[in-house]
Amino acid sequence: MPLSALRGVAVGFFMAGLFLEDIHKQFGSVVAVQNVNLHIPHGRFVCFLGPSGCGKTTLLRLIAGLERPSRGRILLEDLDITEQAAHERHFGMVFQSLALFPHLTVGENITYSLRIRKKAAADCQRRMDELLELVRLPGYAGRHISQLSGGQRQRVAIARALAIEPRLFLLDEPLSALDAKLREDMQLELRLLQHRLGITTILVTHDQREAMTMSDLIVVMGSDNQVHQVGTPLEIYRHPADTFVADFLGNSNLLKGTCSGGNRVTVSGNSLIVGTLPETVAEGNAITVSIRPEDISVVAGVREGQNHLQGRVTFVRDVGSSVEIYLDCNGFQIISQSTPKSRPAVRQGDSATAVLPPSACVVLTA
Amino acid sequence: MIGDNPIGVRAHLPILYPAVMLVVFFVIPFGIMLAVSFFQREPGGFYTTDFSIDNYASLFTALFGRVLAFSIFISAFCAAICVAVGFPFTYFITRMRRKAQVVWLVILVSVLSLSAVIVAFAWSLLLSQTAGISNFFVWLGLMEAPASWSPGFWALTCGMCYIAFPYTVLVLYPPLSRLDPHLPEAAQTLGASPVTTFFTVVVGSLRSAIVATLIMVFAFTLGTYLIPTILGRPQHWTLSVLITDEAIYRSNLPFAAAMSVFFMIVSLALVGLTMLVGKGERTADR
């Protein structure tokens, strides 16, 4: 569907938002972003997810106005902002390095955007108190940046970006420098904050768990600097568009095979019944079946049946909260994941059978 | 451990060498100069050992006061010009590609290889009536007739700034190249125009580097002797000229020494005051 038509629909449904049309960005001969067409609905929390070097940060910088696209247009609420300078866009951005001004205090950092707009001192003070309350740092206004911990700096950077009530809130891997526990707390906090403020937010991350936790919508970008899939976290997890997405989001068993007509595929001589096939796949085409480890159940011993794969247990990884069983099925490996409660009675070296429910087998082209 | 105070004689050994050098080449000569400043001049001879404050007493003349004030003024003025021009200049260099940065820095360093004599005569020629750039301006039609701009106050300023400028850039380069490029970008996303960003964030976050550079250039230009004699008129002669005059041509070493000591005390006091003001501003921020 052409994007212009999509926008017409979207305006009706979502009250507009941000549109990227055919965005292309090149640095010299290096392509950073290719053919990106995106709609970011108003008030949503969107994650740009991808491995490092996939162009997700460049895309965010293009939206912020810190880079100009080599081609394409950026529209906000039907207004072309492609050529607008960063300081005229009225967006808030949190940088990976946080980029807090070291010569200013916490309060001065937060009110920077208000003071350069020549807002009255009393208004600045009130807004500052409000924001410090919001990020739970009351009484920190007079502190110097060097006197804060990592998590506190994080909050100051967020408060500073929110001071002008931005039209768009952009975050470039702001949590990557924090330790695991604090990061999870901040993810939740940031998500709740966004809910409360209802502000359109874009977060760049390479952490799929972070993206799954926080976003309404995930934009998966690949090493080819293109967008691979856009959808809700569960949609993308359950129905990955291609092998890259299936592999990048969580673990997946990717089994190469061919389509043998109907709802059947052949994987290493085993005939499997799968869920729906993509329309483009015809009989004899090479395909990949993606199936999540938690959808596969393992039973002890050799069992015959539809979608049953026999093999030998090569490894059992029991980490307490979950159990992973590695099966060697005549040349290809299958990983199954189960909870301790439903743990099958198998040990390393035992023969076992993996049961693949047809509805969980997602067929991907090649 | 780094940051801990070293304990025992052995731990202090590494600083012994610089300490000895400092004493031999700095403390002892200064001690001699300090001693000589209290000696008595012997007319027709050298000096005799004595302890008199006559040399210091005879400092308090209108001429000395005027020359001292001018020396301090011209050095401060040149330091201000050098930093005002050098700071944005260095900022733009640090934003260039690596290769271009190296080219600019090599050009600047090569300027340092020119001796003050060459620089002074080059400027005096460049600003002269017969062969100077005013002839070029006449040819362009900007001026009626060629003018003589050297010697004079502005010729002196040009010469001194030319000598001090490469040092200014070299001192400013490290802190400016360490500046997080995300800082100016953050300011822009917060609504600051490029000019506002430059003054509020780039200048603001490097204030201590700017003060340090001002002091460095000020101290560096205080000692200029040659440039004022070539590019300045007698009223533009700095204290260094006066001291040389007294020491070499009038053989009055005790008086020259007294002038030097007094000059040093005044400049140290000024530098200290500047640092104190800078520090006060920072604590006021807290």
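Preceding this paragraph is the structure being described.
So, a few notes on the structure that sits alongside this text.

Parameters and conventions
Numbering of residues starts from 1 in each chain and follows the order in which that chain's sequence is written. Chains carry letters and ligands carry numbers; both start at the beginning, A for chains and 1 for ligands, and go up in the order they are written. Given that the model is predicted, a residue must reach a pLDDT of at least 70 before its local features are reported, and side-chain atom pairs must reach 80 or more before they are shown or counted; all residues, however, enter totals for whole chains, interfaces and linings. Counting from the N terminus, the helices are DSSP H or I runs at least four residues long and the strands are E runs at least two residues long. Here a residue counts as buried when 20 or more other C-beta atoms sit within 10 Å of its C-beta, as exposed when there are 12 or fewer, and as partly exposed otherwise, the C-beta atoms being derived from the backbone. A pair of residues counts as a contact when their C-beta atoms, built from backbone coordinates, are separated by no more than 7 Å. When residues are sorted by character, Ala, Val, Leu, Ile, Met, Phe, Trp, Tyr, Cys and Pro go into the nonpolar class, Asp, Glu, Lys and Arg into the charged class, and all the rest, Gly among them, into the polar class. When buried Ala, Val, Leu, Ile, Met, Phe, Trp, Tyr and Cys residues are joined through C-beta atoms within 7 Å, the set is termed a nonpolar core. One bridge is not enough; two strands pair if DSSP finds at least two bridges between them. Structural elements are reduced to axes, namely lines fitted to C-alpha atoms, with helices fitted over the stretch in contact, and the angle between N-to-C directions of any two is expressed from 0 to 180 degrees. Throughout, the arc means that of the directions going from the helix axis to the C-beta atoms. Orientation labels follow simple angle bins: below 35 degrees gives roughly parallel, above 145 gives roughly antiparallel, 65 to 115 gives roughly perpendicular, and whatever is left gives oblique. We call a crossing left-handed when the near helix sits turned anticlockwise from the far one by less than a right angle, and right-handed when that turn is clockwise.

Let us look at the overall build of chain B. When you go through chain B residue by residue, the secondary structure sums to 14 helices and two strands. Each principal axis of the C-alpha distribution contributes one length, and for chain B these read about 70 × 70 × 35 Å. Looking at the 286 residues of chain B, the share that counts as buried comes to 28%. A sequence separation of at least 24 residues applies to 68% of the contacts in chain B between residues at least 6 apart.

Counting from both sides, the interface comprises 21 residues of chain A and, opposite them, 19 residues of chain B. When residues of the side of chain A that touches chain B are traced back to their parent elements, those giving at least two are β6 (92–94) and α4 (112–115) of chain A. Class assignment for the residues of the side of chain A that touches chain B results in twelve nonpolar, eight polar and one charged.

The next point concerns the nonpolar core. One finds Leu170(A), Val219(A) and Val289(A) to be the most contacted residues of the largest nonpolar core, which totals 105 residues. Once residues lying within four places of it in the same chain are set aside, the contact partners of Val219(A) are Leu38(A), Val46(A), Cys47(A), Phe48(A), Leu49(A), Val227(A) and Val230(A). Membership of the second largest hydrophobic core comes to 30 residues, among which are Cys78(B), Leu127(B), Leu156(B) and Val171(B).

What follows is about the sheet that holds strand β5 (residues 79–80) of chain A. All names here are of chain A. Taking strand neighbours across the sheet as the criterion, the four strands line up as β2-β1-β4-β5 in an open arrangement whose pairing is antiparallel. Each of the sheet's edge strands pairs with one partner strand only, and the pair in question is β2 (30–41) and β5. Pairing analysis gives eight bridges linking strand β1 (residues 17–27) to β2, with the strands arranged antiparallel. The partner of Phe-27 across the bridge, within β2, is Val-30.

The next subject is the sheet that holds strand β15 (residues 297–300) of chain A. Residues and elements named next belong to chain A. Taken in spatial order, the five strands of this open sheet run β15-β19-β16-β17-β18, and their pairing is antiparallel. Of all the strands in the sheet, just β15 and β18 (332–338) have a single pairing partner and so form its edges. Each strand of the sheet is rotated relative to its neighbour by a mean of 45 degrees, with strand direction disregarded. Bridge count between strand β17 (residues 323–329) and β18: seven bridges; the pairing is antiparallel. Bridge assignment links Ile-325 to a residue of β18, and that residue is Ser-336.

It is worth spelling out the pairing of strand β3 (residues 45–49) of chain A at this point. All names here are of chain A. Where burial is concerned, most of β3 is hidden: five out of the five residues are buried. Both faces of β3 are covered, namely the face carrying Phe-45, Cys-47 and Leu-49 and the face carrying Val-46 and Phe-48. Where β3 and strand β8 (residues 201–205) come together, five bridges link them in parallel fashion. Along β8, the bridge assignment pairs Leu-49 with Thr-205. Looking at chain direction, β3 and strand β9 (residues 217–221) are connected through four bridges and run parallel. Pairing of Cys-47 across the sheet is with Ile-218, part of β9.

A few words now on the environment of Phe218(B). All names here are of chain B. Mapped onto the secondary structure, Phe-218 falls in helix α11 (residues 207–222). For the pair Phe-218 and Leu-170, spaced 48 residues apart in sequence, the C-alpha to C-alpha distance is 15 Å. The residues touching Phe-218, leaving out its near neighbours within four places in the chain, are Ser-75, Ala-76 and Ala-79.

All names here are of chain B. Listed as buried for helix α6 (residues 116–126) are Val-119, Ala-120 and Trp-123. All buried residues of α6 project into a common sector of 95 degrees when viewed along the axis, lining one side. Within α6, the exposed residues directed more than 90 degrees away from the buried face are Val-117 and Ile-118.

What follows covers the packing of helix α4 (residues 62–94) of chain B against helix α8 (residues 153–178) of chain B. Residues and elements named next belong to chain B. Following both chains from N to C, one finds α4 and α8 inclined at 45 degrees, their axes separated by 7 Å at the closest point. In this view, α4 runs oblique relative to α8, as classed from their interaxial angle. For α4 against α8, the interelement crossing comes out right-handed. Facing Ile-74, Phe-77, Cys-78, Ile-81, Cys-82, Val-83, Gly-86, Phe-87, Phe-89, Thr-90, Tyr-91 and Thr-94 of α4, the residues of α8 in contact are Leu-156, Thr-157, Met-160, Cys-161, Ala-164, Phe-165, Thr-168, Val-169, Leu-172, Tyr-173, Leu-176 and Ser-177. For the contact of α4 with α8, a count of residues per class yields 18 nonpolar, six polar and no charged.

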